[in-house]
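Listed below, chain by chain, are the residues.
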Amino acid sequence: MSSFHNPDADVNRFRFRLGIASLVVLLAFGLLLGRFVWLQVLQHDFYRTRAEDNRIALIPIVPNRGVITDRNGVVLARNYSAFTLEITPSQAGNLEETIDALAEVIDIQPKDRKRFKRLMDEAKNFESIPIRTRLTDAEVAQFAAQRYRFPGVEVKARLFRQYPLGAVGSHAIGYIGRITDRDLKWIEESEQQANYKGTDHIGKTGLEQHYEFELHGQTGYEEVEIDAGGRALRSLKRIPPVSGNNLQLTLDARLQEITEQAFGDRKGALVAIDPATGGILALVSNPTYDPNLFVDGITPDNWKELNEHPSKPMVNRAINGAYPPGSTFKPFMALAALEIGKRTPNQAISDPGYFNFGNHQFRDDKKGGHGSVDMYKSIVHSCDTYYYMLANDMGIDNIARFMGQLGLGQRTGVDLGKDDSGESKGVLPSPEWKKQRFKKPEQQKWYSGETISIGIGQGYNAYTPIQLASATATLANNGVMFRPHLVNQIVDARTGEKRPVEPQPIRDLKLKPQNVDVIRRAMVGVNKEGTGTRAFAGAPYEAAGKTGTAQVFSLKGADYKAHAIKKELRDHALFIAYAPADKPRIALAVLVENGGFGAQSAAPIARMVLDYYLLGKLPGGAAKEDEAAVEDDNEE
Amino acid sequence: MIDVVGTLKRGARELIAHIDFPLLLITLAIMAVGLATVHSATFGGNERMLSQAGNMGVALVIMWFVSRLPPQKLMSFAIPLYVVGLLLLVAVFLFGIKVNGAKRWLSLGFTRIQPSEIMKIAMPLMLAWYFHKYEATLRARHFIVAALLLLVPFALIAKQPDLGTALLVGGAGFFVIFFAGLPWKVMLGLGAAGAAAAPLLWNMLHDYQRKRIMTLIDPTTDPLGAGYHIIQATIAIGSGGPFGKGYLNGTQTHLEFIPEKHTDFIFAVYSEEWGLLGNGLLVFLYTLLIGRGLMIAAAAPTKFSRLLAGAITLGFFTYAFINMGMVSGILPVVGVPLPFMSYGGTALVTLFLGIGILMSIQTHRMLVKK
């Protein structure tokens, strides 16, 4: 700076600096305007969305789950509205104290507390969790009067799932339960996340799981304007939910119930199918369980009891149990032989009571053999030697190809559970199967001796009851095969529009009618003069059938004496049947675990089922075991 | 009769003799916008708007009164006001009341005062007086003394801590020194030294101040804490778009997403409802205000009035720029209200003291020249 004072220069310098300052001001304001253009023009859409997101909360409205009815309209699964007392933990302060105080107003049992604790561990903390379900009107009123004392506690009206018939058909219907992490993954994979906002239950097994996305419905929502504190100010828009579709089953609830009763306390399974459609009329796995236990979240005690019970009530034996078919395999073997020309119906063999292959002797159950045996006799009297020879003549590849076409050893695709994960494949033995099944090279090789016992339904053979039922139904329907299914049609809850699930057959085996007729006559013979005679004595209709016994316990040459063996080690009893033989309306497969001979415990159940379905005849409880049949040495 | 009319006319003329109408009209325009925005920000109750209108009335009277004081008179206030202000700041430092972790207030028993507010006027007044006094014999040491006069109150205010006010007070003082002819070399040197000292300064900042700077760089790091204000204000401005959502229709405002919406963040409210168009208008009004102030400074007859007018005008600019900058997310959040818009009596009074001083300088020009 100058040490000489010059006022004019001073003023000029001041004005110059004012100019600089003006420039800075303009630049700074220019910068601000640039920022405004960026935010309000270039980024406007982004921020407009953000502001909308801020302002609007979507409150989901959970739709009514679809109702499940049987073929006659009997309700198997429905919803009912009930009041629950719920606590939102994040708003309730000390939970223990809150629950203690609540217990003075409303009855709260230790099991309620336990369930609450368990649900809380699973839930996100902003959710409200039920402490009591199914409040009575009086309880609702009692709580309402005291409400002010309990912040974060409220009474909510919720829809509950109810299975009016209890344990009847539980393996078919399945049940719903609270959504777990695994279910969430399923929902995500199905891209249903948006539709499941607010939903806290999902199908866990059976039809409830298979048709989850049909039953669930479309979640509605309410657009609510909220302030920064999350308080709802007013409703902007309400999109009502669309109820889930109803399922109308092919299942006959009465038949199902009668069948379950026929089993009594025996373990086993029965699948009955309408051969003309593939519709399942009854699907029994005994013992059953009460699906209502799962709706509110099953208690650990109940769960433990069901899960650890030696009779395994939670296992669906009809689709998950794989059993050797035993002699029920023989009609299919005979049909295969006719179809590929390995036998004619009248071609007879001489049965000495055994079949030698290499240095191994395959024995027939009847000592001394059946003498001269043609195809008819081989089925009626269940001659093993006939089928040892036949299997040897046909070879494993022919057997596997034909049985594969019938659907044996393959998942039927029945509409139960998620995907086909709930259904077992069973085992259709073949050299290829062995190669995949075993690791060691010496085990992978197929030995032709192994083919022999395949012929009588033993060996590696293992099929589920539903596979046997489906194969029987296909036989009854002259080779036209349907996918077995439980749902006849899906009914739109709003429009009433009906959508059939399985109107078309999946396969036509193109069987020769005369061949089918041979088998039919032989199977009718089983019930008239063969192993099923006692069970079907006096039946006013003609039923085609075949008994079977599946070995559980290898006797290694010793005689099988049922009375000498512990019940758990007794053979499984099987029976397949269809009736009326000339115009089949029902085909079925029965399995009784450790039931001994097929004629002893499986055939009587089949008789009850057919009597009810064809004649409307009501049995009085469980089918009796036919002790006399044990002595009947005609079988096997 | 004629006499009465003449007397009335003369009286009226005398009443408005020291009013600078361009300045008055511009500030009235901004205040009208401000009042409308306060109404929107506090919709549902009129107390705030009415109280702000009352504040405006008081402030206008003070402006009128100050505008009538000749600059020589203003000069005589320089030392007493500065000394009183400084003593009060020391008193705050010693006995101040702590509110929200900051010691800014002094209790007088019946009311509380914020002495740093006085410094907004006392500082430029003092420094302008100082440079005016040594106009003829200006030496480097005078700049050093001026810097000390600036730094002591600045440090006291920054220590409270009140970074916003400290910046405004420091800015006002700096503008005086700048206009007084602080050599460019020194400024460059100070700038370089400041840049070098930045890490040191960073360490001296309070945690919350550091956090504000950090959240400015990336508000999303703390969306529910310190970043919340910035994010919500930015959403308000951006969602306003080119033409705004319309008066009283700002969702961010009316659903309580904007914090401090009638005070420091009032610009977000205005911007949401009036959009880019409204922002342009407001920036234009501020530009007019500053332009008029700088014109008055350019025409001012004495060194004192030149420096004072220039510093006060740039003070308005600093207020406006820092506030709009922080609300739109390009400057850290410091407690600076938007001049003539934000609700608050104290700030308004201080602002109109400044306007009054500008008017006094403008309208007493001729008298001084005579």
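Look a little higher up for the structure.
Residues numbered from 1 in each chain as written. Chains lettered and ligands numbered in written order. Predicted model: local features only at pLDDT ≥ 70, side-chain atom pairs only at ≥ 80, totals over all residues.

Draft legend 1. Expanded view of the overall build of chain B. Tallying secondary structure elements over chain B gives 15 helices and three strands in all. Put simply, chain B has 370 residues, and 49% of those count as buried. In chain B, once contacts between residues fewer than 6 apart in sequence are set aside, the share between residues at least 24 apart is 71%. (Helix = DSSP H or I, 4+ residues; strand = E, 2+ residues; numbered from the N terminus. Buried ≥ 20, exposed ≤ 12 C-beta atoms within 10 Å, placed from the backbone. Contact = placed C-beta atoms within 7 Å.)

Draft legend 2. Spatial organisation of the sheet that holds strand β3 (residues 112-113) of chain B. Residues and elements named next belong to chain B. Taken in spatial order, the three strands of this open sheet run β1-β2-β3, and their pairing is antiparallel. This sheet does not close on itself; its edge strands, each paired only once, are β1 (97-99) and β3. Of the strand pairs in this sheet, β1 and strand β2 (residues 102-107) are connected by three bridges, and their pairing is antiparallel. When the bridges of β2 are listed, I97 appears paired with W105. (Pairing = 2+ DSSP bridges.)

Draft legend 3. Representation of the interface of chain A and chain B. Each partner contributes to the interface: chain A provides 32 residues, whereas chain B provides 39 residues. Secondary structure elements with two or more residues in the side of chain A that touches chain B: α1 (7-42) and α2 (44-55) of chain A. Ranked by the residues each element gives to the side of chain A that touches chain B, the list is headed by α1(A), at 18 residues. Taken together, the residues of the side of chain A that touches chain B break down into 17 nonpolar, seven polar and eight charged. (Nonpolar A, V, L, I, M, F, W, Y, C, P; charged D, E, K, R; others polar.)

Draft legend 4. Expanded view of the pairing of strand β14 (residues 354-357) of chain A. Residue and element names in this part refer to chain A. Bridging between β14 and strand β15 (residues 360-363) involves four bridges; their strand directions are antiparallel. Residue pairing for β15: Y354 is matched across the bridge by R363. Counting the residues between successive antiparallel strands, the hairpin from β14 to β15 contains two residues, one of them, G358, with a positive phi of roughly 60°.

Draft legend 5. Quick look at the sheet that holds strand β22 (residues 572-579) of chain A. All names here are of chain A. Spatially, the five strands line up as an open sheet ordered β12-β11-β23-β22-β21, and their pairing is antiparallel. Of all the strands in the sheet, the pair left with one neighbour each is β12 (279-286) and β21 (544-550). In this sheet, neighbouring strand axes are inclined to one another by 5° on average, regardless of whether the strands run parallel or antiparallel. Sheet topology places strand β11 (residues 268-274) next to β12; seven bridges connect them, and they run antiparallel. Bridge pairing links V271 to L283 in β12. Running over the sheet, helix α24 (residues 598-615) touches β11, β12, β21, β22 and β23 (586-592) and is turned about 30° from β22. (Axes fitted to C-alpha atoms, helices over the stretch in contact; angles between N-to-C directions.)

Draft legend 6. Fine view of the pairing of strand β18 (residues 487-491) of chain A. Residue and element names in this part refer to chain A. In terms of burial, β18 is a largely internal element, four of the five residues being buried. Strand direction decides the pairing type here: strand β10 (residues 246-249) and β18, joined by four bridges, are antiparallel. Residue N246 lies in a different strand from β18, and its bridge partner there is V491. As defined by bridge partners, β18 adjoins strand β19 (residues 498-500) across three bridges and the pair is classed as antiparallel. Bridge assignment links V491 to a residue of β19, and that residue is K498. The turn joining β18 and β19, which pair antiparallel and follow one another in sequence, is formed by six residues; a positive phi near 75° is taken by G496.

Draft legend 7. Layout of the packing of helix α5 (residues 116-133) of chain B against helix α13 (residues 303-327) of chain B. All names here are of chain B. One way to put it is that α5 packs onto α13 with a least axis distance of 8 Å and a crossing angle of 150°. Classified by the interaxial angle, the pair formed by α5 and α13 is roughly antiparallel. By crossing handedness, the relation of α5 to α13 is classed as right-handed. Contacts from P124, L125, A128, W129, F131 and H132 in α5 reach K303, F304, L307, L308, A311 and I312 in α13. Here the residues of the contact of α5 with α13 sort into 10 nonpolar, one polar and one charged. (Parallel < 35°, antiparallel > 145°, perpendicular 65-115°, else oblique. Left-handed = near helix turned anticlockwise from the far one by under 90°.)

Draft legend 8. Spotlight on the environment of A:Y196. For A:Y196, the location among the structural elements is in the loop between α8 (181-189) and β7 (201-203). Taking C-alpha positions, A:Y196 is 8.7 Å from A:H216, a pair spaced 20 residues apart along the chain.

Draft legend 9. Examining helix α22 (residues 465-476) of chain A more closely. A rise of 1.5 Å per residue sets the reference length of α22(A), with its 12 residues, at 16 Å; its end C-alpha atoms lie 16 Å apart and thus fit the reference within 8%. Among the 12 residues of α22(A), 12 are classified as buried, and the element is accordingly described as predominantly covered. (Expected span 1.5 Å × (residues − 1).)

Draft legend 10. The arrangement of the nonpolar core in detail. Formed by 119 residues in total, the largest nonpolar core has its most connected members in A:V271, A:A272, A:L588, A:V590 and A:V609. At 10 residues, α24(A) tops the list of elements feeding residues into this core. Ranked by size, the runner-up nonpolar core spans 114 residues in total, among them B:M63, B:F174, B:F179 and B:V327. (Core = buried A, V, L, I, M, F, W, Y, C linked by C-beta atoms within 7 Å.)

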